[in-house]
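# Coordinate inspection notes
If you want the building blocks of each chain, they are given just below.
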Amino acid sequence: MMISLSEIQNILDNQNPEFLEELAQKAKHVKEQYFGRTISLYAPIYLSNFCSSHCTYCGFHSKNKIKRFKLTDEQMHAEMKYVSDQGIENILLLTGESYKATPLSYLKEAVDVAKQYFPSISLEVHPMQENEYRQLFEHGVDGITVYQETYDRARYKEVHCSGVKADYDFRLNTAERAAKGGMRNISLGILLGLSDNHAQDLHDLYQHLNYMEKHFPGVEYSLSFPRFQPIKGEKFTDKHVDDKTFVKIICLTRTLFPRVGINLSTREKPIIRDNILELGITKMSAGSNTSVGGYTQLEKQEQDPQFDIEDDRHLDDIVELLKKQNLDPVFTDWRRIENTTA
Amino acid sequence: MDTPLIIGGKAFANRFMLGTGKFKNKSDLADSIRSSKTEIVTVALRRIDIDRHEENILEYIPENITLMTNTSGARNAKEAIRIARLARESGCGNWVKIEVINDTKYLLPDNNETIKATEVLAKEGFVVLPYMSPDLYAARELVAAGAATVMPLGSLIGSNQGLKTKELIKILIEEIDIPIVVDAGIGAPSQAAEAMEMGADAVLANTAVATAENPALLAKAFSLAVEAGRLAYLSRLRAPQGQASASSPLTGFLHE
């Protein structure tokens, strides 16, 4: 049975250190039983920062006067070869949300390049229609990441001022369209700190996941809990989620959804990342760069990233760290097969 | 005393099979293979990295072990078939454990799709070991489709719950003439022994071993338990009874 809002609230409000320790122990146990001591590794590649949505908290938003770039075919090869040479096999290709600058045809071209380097490709791009997801799936994309950011409609409207992202319901139904389009992996998430009612957001995310699991049981789901990071030149004030609450959210999620993946991003400081791995994390990005062309292109000197990463350790350091913690870094988690829908 | 287990024309003395997922490092896996003396291991094709040699799981599996590639990640028969073919093309041999799972919450196998994949792959010369929900009709169809064994689940994958499907597996043991390999949910050597005592031909375990503090030790314990259960089965041990029984309480009068 689904956990209730008041139960979640009670857990987040509980300041007893023994309670937190007990929750963490339980989460660790569940993680080990269902995933063993493994951590999957992936890396993001930013293809473009063109964006037609205005989201007050994001460095890429349409009103922000930053330099806009999108990778050419040649630059894509350079970026992807670089990341692949590091040992990464799971790639997440990202763009800003611009149907004009990065239309379906551009995404397909990027996927064509990515297929030459990576066995598993996921996209975090603008929401699309079911038939577009189907085309991408058949083209070789296996996963879609789409965060609702916050499930609080009023707050959502406040921070998503214009563009397609301002349409709450179109975004909410994206996961369903992606699943119908055939996607194997779907990642949902909330941007912690956008809404001040963390329990409500968490509850609604869980409900969304529950709905998806019930209607599209064949999809492998994962959840992400990026914490808000300040963006250069923005005066956005957030409703900060402190470390204890963050840990509780990870542990609670692990115990409630034993088989669902939980991603950890480079936004977290090393001390948090290192200590939280055992408490339910199944996948982390490593050696990340959040600028367009940030791995190999000169532009990185002149460009602002989407958000500042707190953990800029090289992939080798991350692997070393995992091994030191007796965790097995998993690079290969999929072998591409021809994707077809019935 | 015992006869070897025959699958796909090969004979095996050891009846414990090991899964290779979830180990915290590859040397624990190699140690577990050694200590258990297992002769058949299963590896997910999705986890085999043929390009990069440092972490290639196959390097930790000795040559004399029979490799059974599994189709983990397949959501229907078509995908399972593609994965099996890819495995064979990659040099992983023609033994395939078919896993068709279209429910990521319970990881229960889809028997219908599994039957379809078995039929195609068996015709293509694969030795097919299908993972299934223990259902008599499905098992019969798998036999007709050319399966080399059937692998009914004891309980949900990774759950360590043991033989929750015991009564259904007993029916398969009684009625199905190809080897019955109990797979999934076996969380302790005692549960493996129980499956063997009731007549299963082999047991496959993974999670319990991989997540133990000392995997190699537990792998050995599993292997011994499987052997003990097998010997008990061959001994035609008596089923346990709830109360003491007098020698001939009902028919004694006939001898007076």
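The structure contained in this document is the topic of the report that follows. By convention here, each chain's residues receive numbers from 1 onward along its written sequence. Going through the entries in the order they are written, you letter the chains from A and number the ligands from 1. Confidence filtering applies because this is a predicted model: local features only for residues at pLDDT of at least 70, side-chain atom pairs given and counted only at 80 or more, and all residues used for totals across whole chains, interfaces and linings. No hydrogens and no water enter the side-chain calculation; it runs on all heavy atoms of the structure.

## Focus on the overall build of chain B
- Counting from the N terminus, the helices are the DSSP runs of H or I reaching at least four residues and the strands are the DSSP runs of E reaching at least two. Per the secondary structure count, chain B includes eight helices and ten strands.
- Here the globule rule reads 2.2 Å times residues to the power 0.38, and the radius of gyration is calculated from C-alpha atoms. Over its C-alpha atoms chain B spans a radius of gyration of 19 Å, differing by no more than 12% from the 18 Å that the globule rule assigns to 256 residues.
- Evaluated residue by residue, chain B yields a buried proportion of 55% over its 256 residues.
- The long-range fraction of contacts in chain B, counting pairs at least 24 apart against all pairs at least 6 apart in sequence, stands at 65%.
- In short, Shrake-Rupley with a 1.4 Å probe defines the accessible areas, and a residue's cover is counted only from the protein chains shown. A total of about 11,800 Å² of accessible surface is found on chain B, and carbon and sulfur atoms cover 51% of it. Type-normalised accessible area, obtained with a 1.4 Å probe on protein chains alone, sets the label of each residue: buried when under 20%, exposed when over 50%, and partly exposed for intermediate values. We call two residues in contact whenever any of their non-hydrogen atoms come within 4.5 Å of each other.

## Regarding a negative patch on the surface
All names here are of chain A.
- Side chains of Asp73, Glu74, Glu109 and Asp112 sit close together on the surface and give a patch of like negative charge.
- Counting residues per element, the ones that place at least two in the negative patch are helix H3 (73-86) and helix H4 (104-114).
- Residue placement: aspartate 112 occurs in helix H4.
- Classification of aspartate 112 as partly exposed rests on a relative accessible area of 34%. A patch consists of residues exposed above 30% relative accessible area that lack any salt bridge, with like charges linked at up to 9 Å and nonpolar side chains (Val, Leu, Ile, Met, Phe, Trp, Tyr) linked at up to 5 Å. In what follows, salt bridge is the name for a side-chain nitrogen of Lys or Arg lying within 4 Å of a carboxyl oxygen of Asp or Glu. Charged residues are defined narrowly, with Lys and Arg counted positive, Asp and Glu counted negative, and His plus the chain ends left uncounted. Think of each charge as sitting on NZ of Lys, CZ of Arg, CG of Asp or CD of Glu.

## Description of the nonpolar core
- Within this scheme, the nonpolar core is defined by two criteria: the residues are buried Ala, Val, Leu, Ile, Met, Phe, Trp, Tyr or Cys, and they are joined through side-chain atoms within 4.5 Å. If you look at the biggest cluster of nonpolar residues, it comprises 102 residues, and the most contacted ones within it are Leu41, Ile45, Leu93, Ile186 and Phe225 of chain A.
- Broken down by element, this core gets its largest block of residues, seven residues, from H4 of chain A.
- Counting 60 residues, the second-largest nonpolar core is a separate cluster that includes Ile83, Phe126, Val128 and Ala147 of chain B.

## Observations regarding the pairing of strand S4 (residues 120-124) of chain A
Residue and element names in this part refer to chain A.
- Of all five residues in S4, four are buried, a share of seventy percent or more.
- Note on pairing: two strands pair once DSSP finds at least 2 bridges between them. In the sheet, strand S3 (residues 90-94) pairs with S4 via five bridges, with the strands oriented parallel. Looking across to S4, one finds that leucine 94 is bridged to glutamate 124.
- As for the winding sense of the linkage, the β-α-β connection from S3 through H4 to S4 is right-handed.
- Bridge analysis of S4 against strand S5 (residues 143-145) gives two bridges, and the strand direction is parallel. The partner of leucine 123 across the bridge, within S5, is isoleucine 144.
- Looking down the strands as they point away from you, a crossover is right-handed if its path from the first strand over the helix to the second goes clockwise. The parallel pair S4 and S5, bridged by helix H5 (residues 130-139), forms a crossover whose chirality is right-handed.

## Overview of the packing of aromatic side chains
Residue and element names in this part refer to chain A.
- Ring geometry is summarised as follows: Phe, Tyr and Trp rings, the Trp one being its six-membered ring, pair when their centres sit within 6.5 Å, and such pairs are stacked at plane angles under 30 degrees, edge-to-face over 60 and tilted between the two. Under the defined criterion, the tally for this structure stands at six aromatic pairs over all chains.
- A centroid spacing of 5.8 Å and a plane angle of 35 degrees characterise the contact between tyrosine 82 and tyrosine 295, whose relative ring orientation is tilted. Placement of tyrosine 82 in helix H3 and of tyrosine 295 in the loop between strand S10 (283-285) and helix H12 (315-324) is noted, with a sequence separation of 213 residues between them.
- The class of tyrosine 82 is partly exposed, set by a relative accessible area of 34%.

## Some remarks on the packing of H3 of chain A against H4 of chain A
All names here are of chain A.
- Angles here are taken between N-to-C directions and fall from 0 to 180 degrees, while the axes themselves are lines fitted to C-alpha atoms, restricted in helices to the stretch in contact. It is at 10 Å that the axes of H3 and H4 come closest, and there the two elements cross at 40 degrees. One finds that H3 runs oblique with respect to H4. Here H3 and H4 pass one another in a crossing that is right-handed. Seen from H3, the contacting residues are Asp73, Met76, His77 and Met80; seen from H4, they are Tyr106, Ala110, Val113 and Ala114.
- Side-chain classes follow a simple rule in which Ala, Val, Leu, Ile, Met, Phe, Trp, Tyr, Cys and Pro form the nonpolar group, Asp, Glu, Lys and Arg form the charged group, and the remainder, Gly included, forms the polar group. Considered class by class, the residues forming the contact of H3 with H4 number six nonpolar, one polar and one charged. Each angle gets one of four labels, with under 35 degrees taken as roughly parallel, over 145 as roughly antiparallel, 65 to 115 as roughly perpendicular, and the rest as oblique. Each crossing gets its handedness from the near helix: less than a right angle anticlockwise from the far helix is left-handed, clockwise is right-handed.

## Section: the interface of chain A and chain B
- At the interface, 35 residues of chain A touch 36 residues of chain B.
- Summed over both partners, the interface of chain A with chain B comes to about 3,000 Å²; 41% of that surface belongs to carbon and sulfur atoms.
- For the interface between chain A and chain B, the tally reads seven salt bridges.
- A salt bridge links arginine 46 of chain B to glutamate 220 of chain A, with the shortest nitrogen-to-oxygen separation between them at 3.5 Å.
- We call two N or O atoms a polar contact when they sit within 3.5 Å, provided that within protein one can donate a hydrogen and the other can accept it, with sequence-adjacent residues counted only if both atoms are side-chain atoms. At the junction of chain A and chain B, the tally comes to 19 residue pairs in polar contact (both at pLDDT 80 or more).
- For the side of chain A that touches chain B, the elements supplying multiple residues, two or more each, are helix H2 (17-35), helix H9 (198-215), strand S8 (220-224) and strand S11 (328-330) of chain A.
- No other element matches the four residues that H2 of chain A contributes to the side of chain A that touches chain B.
- Of the residues that constitute the side of chain A that touches chain B, the class distribution is eleven nonpolar, eleven polar and 13 charged. Summed over both partners, buried area is the accessible surface (1.4 Å probe) that two parts give up on being assembled.

## Let's talk about the pattern of salt bridges
- Within the structure shown, the criterion is met by 30 salt bridges over all chains.
- The salt bridge partner of glutamate 268 of chain A is arginine 227 of chain A, with a shortest N-O separation of 2.8 Å. Note that glutamate 268 of chain A is positioned in the loop between strand S9 (261-264) and helix H11 (270-276) and arginine 227 of chain A in the loop between S8 and helix H10 (243-256), a separation of 41 residues in sequence.
- A salt bridge links lysine 170 of chain B to glutamate 167 of chain B; the nearest nitrogen and oxygen atoms lie 3.7 Å apart. A residue pair is termed a helical-turn pair when its members lie 3 or 4 positions apart in one helix, as lysine 170 of chain B and glutamate 167 of chain B do in helix H5 (residues 166-175) at three residues.

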